[in-house]
Structure formats: structure tokens, C-alpha cells
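Each chain, letter by letter, is given below.
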Amino acid sequence: MQIGIVGATGYGGAELLRVLHRHPETEMLHLYSSSQAGEDVRVVFPHLGRLGKVELEPIEPVVMAGKLDVVFIAAPPGVSAELTPLLVEKGLRVIDLSGDFRLRDPHIYETWYGRKTAAKKWLDHAVYGLTEWNKPSIAEAACVANPGCFPTASLLGLLPLVKRRYVNPESIIIDAKTGVSGAGRGLSSAVHFSETNENLSIYKVNSHKHTPEIEQVLHDHNDDVAAVTFSPHLVPMTRGILATIYGTVSPGVTPEALREAFLESYTSCTFVTIREQDRFPSTKEVYGSNQCDIGLAFDERTKRVTVVSAIDNLMKGAAGQAVQNMNVMFGFDESAGLEALPVFP
């Protein structure tokens with residue numbers, strides 16, 4: 001496989017490089033950057049010194065089409081909307097990590113992202129890449145919209161219940177915490193060490209751009225879902241997302257049925273683990289892996305279920321899931337390149 005990574009100088013790009021470097025089907029990695037073309041990637045990421053010199057290449061669709069099999073786009077929003085159609089038209093398969101193709105409605109995208117989106121035909125062309133729930137379509141796709149990190153944790157924790165109508169869709173609340181790497185490498189006061197360290201803060205209250213993505217996928221599986229409450233928080237750690245999800249259980253649904261919904265949904269899924277009854281995951285327990293660990297409990301007093309979902313935001317929430325999708329697209333073993341266990345402690 002000749003593989004290209006656009007946006008190779010960001011955290012997502014670096015994580016893709018780390019995973020694909022050990023992928024058994026990788027022959028050559030080509031790294032692309034709009035701002036640092038011509039530079040050695042070791043200047044940007046000194047920890048990659050063992051790779052030797054790897055020069056960052058300019059983004060030229062015609063040249064890329066002549067030598068690549070698949071392109072990962074880990075660039076800021078807006079880049080992929082312009083670049084992906086050019087690449088797909090030249091026969092390349094694209095996995096987009098930026099979010100430009102996740103929302104099917106252009107108006108919703110423009111409202112939440114504050115910018116123009118790709119043409120509607122390309123939004124319709126893209127396949128949403130939540131691997132455990134959309135594998136047949138991913139296998140045939142030319143363009144995969146890799147899910148966001150918060151939606152991955154939230155949807156894996158909600159879909160078994162929402163699809164079976166086991167919870168009241170109007171009662172869903174997602175309270176999620178993330179590490180600072182989710183904000184990327186850009187500098188801002190929000191991720192300044194002295195303001196993040198020993199601090200816990202909520203941000204983008206009722207306005208986070210992952211909200212409509214979560215709602216869209218839930219609605220696809222249960223048309224009673226209209227809106228959910230999603231509250232993201234920043235915690236002083238580098239990696240990880242912990243989503244604590246609440247929902248009022250539908251009448252007649254037993255605690256045993258709630259648990260069985262998860263076991264049935266993920267029985268053949270390599271990267272989703274359902275914890276034992278009343279045991280819950282933490283971010284450290286999935287650190288550096290493509291794993292999603294889920295725990296749940298039912299409160300008899302309130303008739304609410306609590307679901308806790310933990311992922312590494314740079315792996316299952318970005319690069320790891322993107323490689324998992326590549327494996328499905330090309331018929332490889334789904335876990336190829338992703339076999340590493342979590343780093344602990």
C-alpha cells in the first residue's frame with residue numbers, strides 16, 4: 001500500500017504515522033503539508049528520528065493520484081471539502097478525519113462549523129465511518145467520514161439502547177471529559193499549561209460542533225431522536241475521553257435487557273469491551289489503544305441507566321479508527337496495525 005497523510009504535522013497525523021509505520025500492508029508513507037512542504041518531518045517531530053529523513057511533500061492532487069492507493073486527511077476543517085472531491089475523481093480512496101463530510105445537511109454544517117461545506121453530492125457520497133455500526137458500507141466506500149472523538153465515545157455507548165428504543169430519546173444527556181490533545185497543536189489560552197493544569201472547565205455549552213453529528217447518527221437508528229444534551233469538559237491530561245451518558249429507561253425494560261443489548265451489539269467487535277456488571281472504565285485503561293471500554297448500571301430509584309464509555313481520543317477517536325476503516329475498505333484483517341494493548345500506567 002502506498003499511503004498518503006495530509007496534515008502530517010498535527011497530532012492526528014503523527015498518530016497515523018505511528019500506527020501505519022507498523023502496519024503489515026504499508027509499503028510507503030507519503031507525508032503532505034501545506035505550510036511545511038520540503039521540511040524533514042524529524043524537525044517537526046524529533047521523536048521520529050529512527051525513521052530517517054522523510055520529507056514533507058506539497059499537496060498536489062495530480063501527483064498524489066499517480067502514486068497513492070489511499071489518502072488520510074487530518075487537516076483543519078475546510079481543507080478536505082476542497083481536496084477530497086479532486087482525489088476521489090482521480091480514483092483515490094479517502095478517509096477524512098477533519099469532519100467536513102460527517103454531516104449530510106449543508107445548512108446544519110454551516111450553522112455549527114461556521115463555514116461553507118462541500119457540494120451536497122459529495123456529502124451524500126461519503127460514508128460515515130463508525131466501524132462497528134457501518135462496516136458493509138465502509139467496505140465499498142470511496143470516501144469515509146471518520147467520526148469525531150466525542151461522537152465515537154458517545155455513539156458506541158448509546159446506539160445499543162437507542163436502536164432498541166430502550167431509553168426515552170428526550171432524556172439523553174452526555175457529560176464528556178477530554179484531554180487537551182483534542183484541541184490540536186495550535187496555541188491558545190484555553191490549553192495554556194497554567195490555565196489547564198489543576199483545573200476542570202466546561203466549554204462550548206450547547207454549541208459544540210459534535211452535537212449534530214451525534215444527533216444525526218442516533219436519528220438514523222431511531223427516528224424519535226431529535227436533540228440531545230451534550231456537555232464537553234476539558235481536564236488536565238494529554239489523552240483520553242470519558243463519556244458519562246444518562247437516559248431514562250423505557251417502561252418494562254429490565255437491567256438484564258440493558259446489558260444484553262450491549263453484549264449482542266458488540267459480541268464480534270474486536271475493539272469494544274463491555275465491563276462486568278457495575279464496573280466502569282477509566283481513560284488510563286485504554287490509553288494508546290484503539291479500544292473502547294464500556295460499563296453500565298441501572299438506578300432502580302430514578303429509572304435511569306448510566307453508561308460510561310472510555311476511549312483514547314487520538315486512537316479510537318481519530319487515527320486508530322481511521323486505520324480500522326482502511327482495513328475494512330481494503331479487505332485486510334480489521335485489527336491490522338492496531339494490535340497494541342493499552343499503555344499502563
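Asker: Which residues make up the packing of helix α8 (residues 149-163) against helix α11 (residues 255-265), and what are the values?
Answerer: In the contact formed by α8 and α11, the axes pass within 9 Å of each other and the chain directions differ by 115 degrees. As far as their axial angle goes, α11 and α8 are roughly perpendicular. For the element pair α8 and α11, the recorded crossing hand is right-handed. Here L156, G157, P160 and L161 of α8 lie close against α11, whose contacting residues are L258, A261, F262 and S265. Of the residues that constitute the contact of α8 with α11, the class distribution is six nonpolar, two polar and no charged.

Asker: Report on the pattern of salt bridges, specifying residues and quantitative values.
Answerer: Under the criterion given, the structure shown has 18 salt bridges. D40 is paired through a salt bridge with R42; the nearest N and O atoms lie 2.6 Å apart. Residue classification places D40 among the buried residues on the basis of a relative accessible area of 12%. Where D293 meets R275, a salt bridge forms, and the shortest distance between an N and an O atom there is 2.9 Å. Within this pair, whereas D293 is found in strand β12 (residues 292-299), its partner R275 is found in the loop between β11 (272-274) and β12, the two being separated by 18 residues in sequence.

Asker: Quick rundown of the sheet that holds β11? Include the residues and the values.
Answerer: Sheet architecture is open: seven strands sit in the order β8-β9-β7-β10-β13-β12-β11, paired in mixed fashion. Both outer strands of the open sheet, β8 (201-202) and β11, are each paired with one neighbouring strand and no more. Two strands pair when backbone bridges link them, and β12 and strand β13 (residues 304-311) are joined in this way by eight bridges, in the antiparallel orientation. Note on β13: the bridge partner recorded for G295 is V308. Of the strands in this sheet, β7 (173-178), β9 (229-234), β10 (241-248), β11, β12 and β13 touch α8, which is tilted by about 35 degrees from β10.

Asker: Let's hear about the layout of surface pockets: which residues, and what values?
Answerer: Empty space within the largest pocket amounts to approximately 1,300 Å³. In terms of lining residues, the largest pocket is bounded by 50 residues, among which S181, G182, A183, G184 and K209 are the most central. If you list the elements that add at least two residues to the lining of the largest pocket, you get α1 (11-21), α8, β8 and α12 (315-330). The dominant element in the lining of the largest pocket, judged by the number of residues it contributes, is α1, at three residues. Along the lines of polarity and charge, the residues of the lining of the largest pocket split into 23 nonpolar, 23 polar and four charged.

Asker: I'd like a rundown of the sheet that holds strand β6 (residues 143-145), residues and numbers included.
Answerer: Pairing is parallel in the open sheet, where six strands are placed in the order β2-β1-β3-β4-β6-β5. For this open sheet the edge positions go to β2 (28-32) and β5 (127-128), each flanked by a neighbour on one side alone. Pairing between strand β3 (residues 70-73) and strand β4 (residues 93-96): four bridges, direction parallel. Bridging from a neighbouring strand, I73 pairs with D96 of β4. Across the face of the sheet, α1 comes into contact with β1 (2-6), β2 and β3 while running at roughly 165 degrees to β1. On top of the sheet, α12 reaches β1, β3, β4 and β6; it is set at about 155 degrees to β4, its chief contact.

Asker: Account for the pairing of β10, naming residues and giving values.
Answerer: Strand direction decides the pairing type here: β7 and β10, joined by six bridges, are antiparallel. Considered in β10, the bridge of A176 is made with A243.

Asker: Describe the environment of R50, listing the residues and the values that go with them.
Answerer: Here R50 shows up in the loop between α2 (41-44) and α3 (61-65). Note: C-alpha distance between R50 and K135 (85 residues apart in sequence) is 35 Å.

How each quantity is defined
Residues numbered from 1 in each chain as written. Predicted model: local features only at pLDDT ≥ 70, side-chain atom pairs only at ≥ 80, totals over all residues. Heavy atoms only, no water. Axes fitted to C-alpha atoms, helices over the stretch in contact; angles between N-to-C directions. Helix = DSSP H or I, 4+ residues; strand = E, 2+ residues; numbered from the N terminus. Parallel < 35°, antiparallel > 145°, perpendicular 65-115°, else oblique. Left-handed = near helix turned anticlockwise from the far one by under 90°. Contact = heavy atoms within 4.5 Å. Nonpolar A, V, L, I, M, F, W, Y, C, P; charged D, E, K, R; others polar. Salt bridge = Lys/Arg side-chain N within 4 Å of Asp/Glu carboxyl O. Buried < 20%, exposed > 50% of the residue type's maximum accessible area, 1.4 Å probe, protein only. Pairing = 2+ DSSP bridges. 1 Å grid on protein atoms, 1.4 Å probe; cavity = no way out; pocket = protein on both sides within 12 Å on 5 of 7 lines; lining within 4 Å. Points joined across faces, edges and corners; volume = space filled by probe spheres on them.

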